[in-house]
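What follows is the residue order along each chain.
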Amino acid sequence: MDIRQELKTFITKEIMRNPKYPLKDVEPLISGGLIDSFSLVEVQLFIEKKFGVWIDDMEMTVATCNTVDDIAKLIEARQ
Amino acid sequence: MTAPSTTHVPIRLDHPLPETLNAQIRYLLETQPDATALYFITPDGEQVISTRAFFEHAAEVAHALRQNGIQAGDLVVLVLEHSLDVLYSFWGAILLGAVPSIFPFLTEKLDPDRYFESLHALVERSGVRLIITYPALYHPLNSVLVDVEGMLPILVTDALTPGGDPDEFLTYTPTAESTAFLQHSSGSTGLQKGVMLSHRAVLNQLAGYSAAIRLQADDVICSWLPLYHDMGLIAGFIMPLMQGIPLVLMSPFYWVRAPHILLHAIQKYRGTLCWLPNFAYNLLATRVRDVHLENLDLSSMRAFINCSEPVRADSHQIFQEKYAAYGLAVDALTVSYAMAENTFAVTQSGMDGPQKYDRIQRRPFQEQNRAVPANGSDADGVLVMVSCGKPIPNCEVRVVDGDKKPLPERHIGEIALRSDSMLTGYYHQAEISAQALHEGWYLTGDLGYMAEGEVYVTGRKKDLIIVGGKNIYPQDIEAIVSQIDGVKDGRTVAFGVFNDKLGTEDIAVIAEITQDDEETQGRIQREARQRIVQATDVNARFVHLVGPKWLIKTSSGKIARNANREKFLQEMAAEGLL
């Protein structure tokens, strides 16, 4: 499974508790009300475990990590 | 350890209290002008501010307010981020005898139009005389408020003159009965109720609560709490400042992105007291990375005080287990039951003995509203209730039935309180003030029981979802979702679902929809989540879209919140999504 799909599966199932949600790559996660600040930490931990990539707490902002695409690019750049 | 006689804080029960906060400022400036009032921690570094410097900055604001025609008693609303600006502005208004009130700041998640509308409503209803904000918000605010009659100016932070002199304002003495500031009961849609607190009430609270927590001059308070909420405003701002003890303060937005900074601040400044809502215990116990825990030392802490949302025994347990290895004392986890209407604290636990946990039988609790101690052979299960402790000095608590008659011990009813630190009333809302008080007792709307003099809170009389310490009314969520195209009007229901992992409630909303193709479902899902966060700044975890006639109604035709909640939980559990 590619990074984007892995992220989407994790977010819709574990955070939004709705695996059927049609999450798009470029949909706003934080400002769209899909993920809150506390769940961001869960995404960080998932990324660390799954992809071995470290994203610092202060990097998880609307400006840098508001979409699946943003996060996937960050992971790709560090893998 | 210093001898107790030299470490007393100035506002205390066994001494005459200052008449007003202004008198206390005068006292602090005379006796300890160079003492550190504040360590302010930001991502860019730390600022250390002395008492004198703090009130000099406040005086700049007072000066500017006076130039803008503000007088004693005028309501001044602060639309500012969690920053030094908001701290100085708050005290600037107090120096002048004006009444400050802190409005939650616009976040990137809130809908700006809706936000400005609620501010507009507040200004109109409460007769706000001036708003202090940032230059960037001047124009949007001005255009929203242009139609409000008698509205005085919007003051921007960069218009303040440097070099204010607090002495100039220290001759001003309000009466002890005059309103010191407004606190707002936290709610989801704007600020409905402004709680008026007099100087006397606030000082009584500081004296009583300081005694309850054994506050001493060598204490250090650490906080990341927002200031528009009583816990952050009183415990995490006004109390340390007025007691002349150091406050280590950071912004909630900074903390939530990097929770470990609180722990490091405690270690660095030898923090002794810290107030946290229940979810923060779970977050700190499970979501701080090991790399941030290296060499951590929390042994300076006297007490963490759990406050502002239902307290869970398992949250305390995981926090204790996690941080025992970092010097956390065994008896450091305590609880306070508090509300803006009593200035802040009503009770405090665990200061003169261990924190109590009451094991009660599930059945009598659920079926007879009684808290019967568990006896070891309880086939129907045991609930662990966490004590909120005894009432603080000069505060009485009793539990009453539907006729407002006192109930015996271990009977669950509505919690009522009477004290010398209660609100004067709700600002410009005499009617609500009269409703909340009964023969001098304030009816809290919380349910609970008393046992051995200690207060246990078990729930709310009215439906309320508390998410991370924030109060959200299910009716507001239902109204928001009802407005979405494709949702059957009036066919929505919202409620809280406790999340054991997070230690707080999740919002769940169910809506009946007319078309159930995938595209419509996706659109409604998206819109519901977006609109909820824009209106409340809180996310909905569960958005459950269902077909017609899914929702259960009562015989009187109302949507039954509890029955639908049960049905929803069963469906979710069956799908493995809880």
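Numbers given to residues run from 1 along each chain, matching the order in which its sequence is written. Lettering for chains starts from A, numbering for ligands starts from 1, and both go in the order in which the items are written. Two thresholds apply to this predicted model, a pLDDT of at least 70 for residue-level local features and 80 or more for giving and counting side-chain atom pairs, whereas whole-chain, interface and lining totals are computed over all residues. Excluding hydrogens and water, the side-chain values take into account all heavy atoms of the structure.

A. View of the overall build of chain B. Helix numbers and strand numbers start at the N terminus; a helix is a DSSP run of H or I with at least 4 residues, a strand a run of E with at least 2. When its secondary structure is counted, chain B shows 17 helices and 28 strands. In terms of overall size, chain B behaves like a compact globule, its C-alpha atoms giving a radius of gyration of 24 Å where 578 residues would be expected to give roughly 25 Å. Dimensions of chain B, computed from C-alpha atoms along their principal axes, come out at roughly 70 × 60 × 55 Å. Between buried and exposed lies partly exposed: a residue is buried under 20% and exposed over 50% of the maximum accessible area for its type, with that area taken using a 1.4 Å probe on protein chains only. Per-residue burial for chain B yields a buried fraction of 58% across its 578 residues. Radius of gyration: over C-alpha atoms. The globule rule applied is 2.2 Å multiplied by the number of residues raised to the 0.38 power.

B. Molecular detail of helix 4 (residues 68–78) of chain A. Taken residue by residue, helix 4 of chain A has V68(A), D69(A), I71(A), A72(A), L74(A) and I75(A) as its buried positions. In this fold, the buried residues of helix 4 of chain A make contact with helix 1 (3–15), helix 2 (37–51) and helix 3 (62–65) of chain A. Contacts are assigned to residue pairs that have any heavy atoms within 4.5 Å of one another.

C. Spotlight on the pairing of strand 23 (residues 454–460) of chain B. Residue and element names in this part refer to chain B. In this description, strands pair whenever DSSP reports at least two bridges between them. Summarising the sheet, strand 22 (residues 441–451) and strand 23 pair through six bridges and their orientation is antiparallel. Within strand 23, the position partnered with M450 by the bridge is V455. In this structure, the hairpin formed by strand 22 and strand 23 is closed by a connection of two residues, where E452 is found at a positive phi of approximately 50°.

D. Structural view of the pattern of salt bridges. Residue and element names in this part refer to chain A. When a carboxyl oxygen of Asp or Glu is within 4 Å of a side-chain nitrogen of Lys or Arg, the pair counts as a salt bridge. Taken as a whole, this structure holds 40 salt bridges over all chains when the rule is applied. Linking K8 and D25 is a salt bridge whose minimum nitrogen-to-oxygen distance equals 2.7 Å. Placement of the pair is K8 in helix 1 and D25 in the loop between helix 1 and helix 2, with a sequence separation of 17 residues. By relative accessible area, D25 is classed as partly exposed at 26%. Shared partners join several salt bridges into a network, and the residues in it are R4, D69, K73 and E76.

E. Up close: the domain arrangement of chain B. Its domain assignment divides chain B into domain 1 (18–253), domain 2 (354–460) and domain 3 (465–575). A domain assignment, automatic or from a database, supplies the domain bounds used here. Averaged C-alpha coordinates put domain 2 of chain B and domain 3 of chain B at centres separated by 29 Å.

F. Focus on the interface of chain A and chain B. Chain A puts 34 residues into the contact, and the matching count from chain B is 31 residues. When two components associate, each loses some accessible surface as probed by a 1.4 Å sphere; the sum of these losses over both components is called the buried area. Between chain A and chain B, the buried area comes to about 2,900 Å², and carbon and sulfur atoms account for 52% of it. Across the pair K501(B) and E42(A) runs a salt bridge, and its minimum N-O distance is 3.7 Å. Under the rule applied, a polar contact is a pair of N or O atoms within 3.5 Å (in protein, one hydrogen donor and one hydrogen acceptor; residues adjacent in sequence only if both atoms are side-chain atoms). Linking chain A with chain B are 14 residue pairs in polar contact (both at pLDDT 80 or more), by the criterion used here. Mapped by element, the contributors of at least two residues to the side of chain A that touches chain B are helix 1 and helix 2 of chain A. Put simply, Ala, Val, Leu, Ile, Met, Phe, Trp, Tyr, Cys and Pro go in the nonpolar bin, Asp, Glu, Lys and Arg in the charged bin, and everything else, Gly too, in the polar bin. Grouping the constituent residues of the side of chain A that touches chain B by class yields 17 nonpolar, eight polar and nine charged.

G. Seen up close, the sheet that holds strand 4 (residues 99–102) of chain B. All names here are of chain B. The strand order across the open sheet formed by four strands is 4-3-5-6, and the pairing between neighbours is parallel. Two strands lie at the open edges of the sheet, namely strand 4 and strand 6 (154–156), each paired on one side alone. Taking each pair of neighbouring strands and ignoring which way they run, the sheet shows an average axis angle of 25°. In terms of strand pairing, strand 3 (residues 75–78) meets strand 4 through four bridges, oriented parallel. Counterpart to V76 in the pairing with strand 4 is P100. Axis lines are fitted through C-alpha atoms, for helices just across the contact stretch, and the angle between N-to-C directions can take any value from 0 to 180 degrees.

H. Representation of the packing of helix 2 (residues 51–67) of chain B against helix 3 (residues 84–96) of chain B within the structure. Residues and elements named next belong to chain B. As a packed pair, helix 2 and helix 3 sit with axes 7 Å apart at the nearest point and diverge in direction by 65°. Note on packing geometry: the crossing formed by helix 2 with helix 3 is right-handed. Contacts between helix 2 and helix 3 involve F54, F55, H57, A58, A59, V61, A62, L65 and R66 from the first element and L87, Y88, S89, W91, G92, A93, L95 and L96 from the second. Classifying every residue of the contact of helix 2 with helix 3 by side-chain character gives 13 nonpolar, three polar and one charged. In this scheme the crossing of two helices becomes right-handed for a clockwise turn of the near helix relative to the far one and left-handed for an anticlockwise turn of less than a right angle.

I. Representation of the sheet that holds strand 8 (residues 194–198) of chain B in the model. Pairing in this open sheet of three strands is antiparallel, and the strands run 7-8-20 (chain B) from one edge to the other. Each edge of the open sheet carries a strand with a single partner, namely strand 7 (179–184) and strand 20 (425–426) of chain B.

J. Fine view of the pairing of strand 19 (residues 413–419) of chain B. Residue and element names in this part refer to chain B. Of all seven residues that make up strand 19, six are buried, and the element is covered over most of its length. Bridge analysis of strand 18 (residues 395–400) against strand 19 gives six bridges, and the strand direction is antiparallel. The residue bridging E396 from the neighbouring strand is R418, located in strand 19. Direction of pairing for strand 19 relative to strand 22: antiparallel, over a ladder of four bridges. If you follow E414 over to strand 22, its bridge partner there is L447.

K. Broad picture of helix 17 (residues 561–575) of chain B. Residue and element names in this part refer to chain B. Helix span is expected to be 1.5 Å times the residue number reduced by one. Taking 1.5 Å of rise per residue, 15 residues should cover 21 Å, and helix 17 covers 21 Å from first to last C-alpha, within 8% of that figure. Of all the residues in helix 17, the buried ones are R561, N564, F568, L569 and M572. Projection of helix 17 onto a plane perpendicular to its axis shows the buried side chains occupying an angular sector of 140°, all on one side. Exposed and oriented more than 90 degrees from the buried face of helix 17 are N562, Q570 and A574. Against helix 15 (474–482), strand 26 (487–499), strand 27 (504–513) and strand 28 (540–546) lie the buried residues of helix 17. G576 occupies a position one or two residues after helix 17 and carries a positive phi of about 70°. As used here, the arc is the angular range of directions from the helix axis to the C-beta atoms.

L. Spatial organisation of the side chain of T157(B). By the secondary structure assignment, T157(B) is in the loop between strand 6 and helix 6 (166–170). Apart from residues lying up to four places away in sequence, T157(B) is in contact with L80(B), D85(B), I132(B), T133(B), Y134(B) and P135(B).

M. Quick look at the confidence of the model for chain A. In this model, chain A carries a mean pLDDT of 92, and residues with pLDDT of at least 70 account for 100%. Summary of the metric used: pLDDT quantifies the predictor's per-residue confidence within the range 0 to 100. Here helix 3 of chain A stands out as the least confident element of chain A, with mean pLDDT 86; helix 1 of chain A is the most confident, with 96.

N. Spatial organisation of a negative patch on the surface. All names here are of chain B. Like-charged residues are merged into a patch within 9 Å and nonpolar side chains (Val, Leu, Ile, Met, Phe, Trp, Tyr) within 5 Å, provided each residue has over 30% relative accessible area and no salt bridge. Here the open area of atoms and residues is found with the Shrake-Rupley method and a 1.4 Å probe, where only the protein chains shown may cover a residue. Counting rule applied: Lys, Arg positive; Asp, Glu negative; His and chain ends not counted. Charged groups are reduced to one reference atom each: NZ for lysine, CZ for arginine, CG for aspartic acid, CD for glutamic acid. A surface patch of like charges, here negative, comprises D516, D517, E518 and E519. Take E519: it is sitting in helix 16 (residues 518–536). You can call E519 exposed: its relative accessible area is 69%.

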